[in-house]
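# Close look at the chain arrangement
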Amino acid sequence: MHQIDLYADQTPAVSRTISVVICSYADWRWDDLRRACVSVEEQLGEGDELVVVIDHNDGLLARARDEFPQARVVPNAGRKGLSDARNTGVETSRGDVVAFLDDDAVARPGWVAGLRTAFASDDVAVAGTTVRPNWEGGSAPRWFPEEFGWVVGCSYRGLPEEKTTIRNPIGASMAVRRTIFGKVGGFSDAIGRVGTKPVGCEETEFCIRVSAHDSTYKVVFDPFSAVDHYVPAVRQTMKYFVSRCYHEGRSKRIVSLLQGTEAGLSSERRYVRVTLPSAVIKGVTGAVRRPAGLLRAGVVVIGLSSTVLGYVVESFHRGQVTVG
């Protein structure tokens, strides 16, 4: 496990400083990265900072250093991939709270302030916000079910609509109290996205580890703070949808092996038992008025089946592996 030094936490809650970490890896996402950085810079207060981590791309590193002189721009010091890029951002930053924003997301006004408020209580270890989809083309495909917003890294129908505790936030917009990393380590490089491969769950495994370390730690969700997450056309196809669901199933199985099935699937059980059946029923019963509802109901079944298949395949692949 990637270990991170423990920092003393002696700052009063009212003056928490925020380090926003944005990780990027591809030249073709430059415009997205620039928009993300600008959205953060406009919100930083005294003692806050922006840290940009470039994942094994020397050309992009040089360009980012030239274009963002006000930020601390560093290369990923670990293995290629989002997990170690984030860990590098933690080690490089100095704030009391480390916030993570995807390089293709834009922070809405008040995002930094909302995260600062979330950590006013000393028992809050992790916080997350709403992640709204910014669809290329202006709207989601007619077949896309809102319950599967997580497929494109966004919030989805079934999430809480008020401030509350959750198991884990969406990684595109989350923050962690710095001292927590010293107690439980960083993000695991056993899972997480590498390049365009549609895997994830590193934030899920991390938050499970946080709660297991101390049950009094809170992971909170604030639906009133938000970021806009760009969804390009290439992620609006059935091919991507099925692939992302399949790899999510694989990732969930790895999390279950690392942290146990009970914790690894605690949120998913209600999602499968309540949220998805409700979506299917709604789509079928409303098909007379809105034929697209029947199509979305079918896609819900396809998405669930693909996720389960990924879980089963990964289980078979790792059937003889014992995780300590």
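Right, let's get into the pairing of strand 1 (residues 18-24). With seven of its seven residues buried, strand 1 lies for the most part within the structure. Judged by which residues are buried, strand 1 turns out to be covered on both faces: I18, V20, I22 and S24 on one side and S19, V21 and C23 on the other are all buried. Across four bridges, the pairing between strand 1 and strand 4 (residues 97-101) is parallel. Counted as the bridge partner of V21 is F100 from strand 4.

Here the focus is the packing of aromatic side chains. Summed over all chains, the structure comprises 12 aromatic pairs. Both rings, one in W135 and one in F144, keep their centres 5.2 Å apart while their planes meet at 70 degrees; by these two values the pair is edge-to-face. Taking the relative accessible area as the measure of exposure, W135 reaches 13% and is therefore buried. We classify F144 as buried; its relative accessible area is 8%. Look at F144 and F241: their rings are 6.1 Å apart centre to centre, the planes differ by 85 degrees, and that puts the pair in the edge-to-face class. With F144 in the loop between strand 6 (124-135) and strand 7 (164-165) and F241 in helix 7 (residues 238-259), this pair connects stretches of sequence that are 97 residues apart.

Counting residues in hydrophobic clusters, the biggest one holds 49 residues, and the most contacted among them are V20, I22, L101 and W111. Broken down by element, the residue count for this core peaks at five residues, all from helix 1 (residues 30-41). By size, the runner-up hydrophobic cluster in this structure holds 23 residues, among which are V74, F181, F206 and V219.

Another aspect to go through is the confidence of the model for the chain. One rule of thumb: low pLDDT means the predicted coordinates there are not for detailed reading. Summarising the model, the chain shows a mean pLDDT of 86, and 81% of its residues fall at 70 or more. Confidence drops under pLDDT 50 across residues 1-13; counting only partners more than four residues distant or on other chains, this segment forms 34 contacts. Within the model, pLDDT remains below 50 along residues 320-324, and this stretch shows two contacts once partners closer than five positions in the same chain are excluded.

Let us look at the pattern of salt bridges. Evaluation of the coordinates by the stated rule reveals 17 salt bridges. When the shortest N-O distance is used, the salt bridge between R157 and E146 registers 3.1 Å. With a gap of 11 residues between them, R157 in the loop between strand 6 and strand 7 and E146 in the loop between strand 6 and strand 7 connect regions that are remote in the sequence. Its relative accessible area of 33% is what places R157 among the partly exposed residues. Taken together, the salt bridges that share partners define one network made up of R86, D102, E202 and E203.

Moving on, we get to the pairing of strand 8 (residues 173-177). Across the five residues of strand 8, five count as buried, placing the element largely inside the fold. Of the two faces of strand 8, the one holding S173, A175 and R177 and the one holding M174 and V176 are both buried throughout. Both strand 4 and strand 8 contribute to a ladder of five bridges, which runs antiparallel. Within strand 8, the position partnered with A99 by the bridge is A175.

Criteria and thresholds
Residues numbered from 1 in each chain as written. Predicted model: local features only at pLDDT ≥ 70, side-chain atom pairs only at ≥ 80, totals over all residues. Heavy atoms only, no water. Buried < 20%, exposed > 50% of the residue type's maximum accessible area, 1.4 Å probe, protein only. Helix = DSSP H or I, 4+ residues; strand = E, 2+ residues; numbered from the N terminus. Pairing = 2+ DSSP bridges. Phe/Tyr/Trp six-rings, centres within 6.5 Å; stacked < 30°, edge-to-face > 60°. Core = buried A, V, L, I, M, F, W, Y, C linked by side-chain atoms within 4.5 Å. pLDDT = per-residue confidence, 0-100. Contact = heavy atoms within 4.5 Å. Salt bridge = Lys/Arg side-chain N within 4 Å of Asp/Glu carboxyl O.

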